[in-house]
Amino acid sequence: MRHFISLAECSPRYLTELLDLADGVKREPEAFAGALNRRTLLMIFEKPSLRTRLSFETGMIQLGGHAIYYHTGNSPMGAGKESIHDSVKTAARYVDLIMARLFDHRHLLEMAHHAEVPVINALTDYSHPCQVLADLQTIREKKGTLEGLKLAYLGDGHNNVTHSLLVGCTKLGMRICVGCPAGEDFIPLPEVIREAEVFAAESGGAVELTDDPRAAVEGADVVYTDSWMSYHVPPEQEKQRTALFRPYQVNGELMALAREDAIFMNCLPAMRGAEQTAEVIDGPQSVVFDEAENRLHAQKAVMLRLTGTA
């Protein structure tokens, strides 16, 4: 793999190897402490971030390298005074890796096309593969396996995390059921659903879509939700969206429909009283902070593999 743009481009074997490496990095961090000595990561940010910046920058430092934070709002590229082509071609002469967190997925693809160093997708409007790699690591850590498990996703299905979950779960033999309101503004993109159905047929997984939150959660091993107000959603839509998504709030009653040993996940940030209640996210089934920690380990694995150092 030259870049890490989408989980769809990764074979099941490659994903499993990344997860195994992430587990090894987490288990024995000192064994990798100098692996990226004298290597530099450029972190390009167009969207706000907490976990992405901290996990990538910390990970690079712990691997012996250096990370540069670069916000497009202060750059010629962000001001439209320099093309992505020229910016990336120049950056690749200075650094060993480029990580980008952007609004438009097309801009990331353009970066990857022109970059002479590996490019990592740290989030676009289309997908969030680093998050879901960490999610899969967390699920496997808690459940001992991925194959045959059911993940129920509740809420806004038309977002980057849902798209990457659909691909990641079905690549590795999981069943995924997306519970969301009907309508093209709220369901996953049709092309992603079709893609996931192909992967599911190959792996023994399954894809389901329903507007019934109770049916989505019933018998689930993993219950997952995300913000109802993603970064791209205008603030004036909050009242309308809250009313629409309220039936999909993960509360104690819904969690009771999942398996007794089900875990609860949210990629964060989270709003208690919105997409989930405090009793759920702060309760014994919640693994949200283990999930957040695993961003560090999973992304270390990605950087190690892309640089050929592990």
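Each residue is numbered by its place in its chain's sequence as written, counting from 1. Thresholds applied to this predicted model are a pLDDT of at least 70 for local features of residues and 80 or more for the giving and counting of side-chain atom pairs; totals over whole chains, interfaces and linings are not thresholded and use all residues. Excluding hydrogens and water, the side-chain values take into account all heavy atoms of the structure.

Brief notes about the overall build of the protein chain
- Think of it this way: any DSSP run of H or I at least four residues long counts as a helix, any run of E at least two long counts as a strand, and we number them from the N terminus. Regarding its fold elements, the protein chain presents twelve helices and nine strands.
- For the radius of gyration, the atom set is restricted to C-alpha positions; the globular benchmark scales as 2.2 Å times the number of residues to the power 0.38. In summary, the protein chain has a C-alpha radius of gyration of 19 Å against a globular reference of 19 Å for 310 residues, a match within 12%.
- Along the first, second and third principal axes, the C-alpha set of the protein chain runs to 55 × 45 × 35 Å.
- The buried share of the protein chain, taken over its 310 residues, is 56%.
- Sequence-distant contacts, at least 24 apart, represent 75% of the contacts inside the protein chain between residues at least 6 apart.
- A total of about 13100 Å² of accessible surface is found on the protein chain, and carbon and sulfur atoms cover 50% of it. To sort residues, take the accessible area from a 1.4 Å probe on protein chains only and compare it with the maximum for the residue type: under 20% means buried, over 50% means exposed, and anything in between is partly exposed. The contact rule is simple, with two residues in contact once any of their heavy atoms fall within 4.5 Å. Surface exposure here means Shrake-Rupley accessible area, sampled with a 1.4 Å probe, where a residue is shielded only by the protein chains that are shown.

Here's the deal with the side chain of His297
- If you trace the backbone, His297 turns up in helix α12 (residues 288-306).
- Counting of polar contacts relies on pairs of N or O atoms within 3.5 Å, with two restrictions inside protein: one atom must be capable of donating a hydrogen and the other of accepting it, and residues adjacent in sequence are counted only when both atoms are side-chain atoms. A polar side-chain atom of His297 sits 2.9 Å from a polar atom in the side chain of Glu293.
- Discounting residues that sit within four places of it in the chain, His297 has contacts with Ala22, Lys26 and Gln137.

Some words on the side chain of Thr40
- When you line up the elements, Thr40 lands in strand β1 (residues 40-45).
- Beyond its immediate sequence surroundings of up to four residues, Thr40 is in contact with Met60, His66, Ile68, Val95, Asp96 and Leu97.

Let's talk about the packing of helix α1 (residues 12-27) against helix α5 (residues 129-143)
- Running from N to C, α1 and α5 cross one another at 70°; their axes reach a closest spacing of 10 Å. As the angle between them shows, α1 and α5 are arranged roughly perpendicular. Counted together, Leu15, Thr16, Leu18, Leu19, Asp20, Ala22, Asp23 and Lys26 of α1 and Leu133, Leu136, Gln137, Arg140 and Glu141 of α5 form the full contact between these two elements. Angles shown run from 0 to 180 degrees and are taken between the N-to-C directions of axes, each axis being a line fitted to C-alpha atoms and, for helices, limited to the stretch in contact. Put simply, angles under 35 degrees are roughly parallel, angles over 145 are roughly antiparallel, angles from 65 to 115 are roughly perpendicular, and the rest are oblique.

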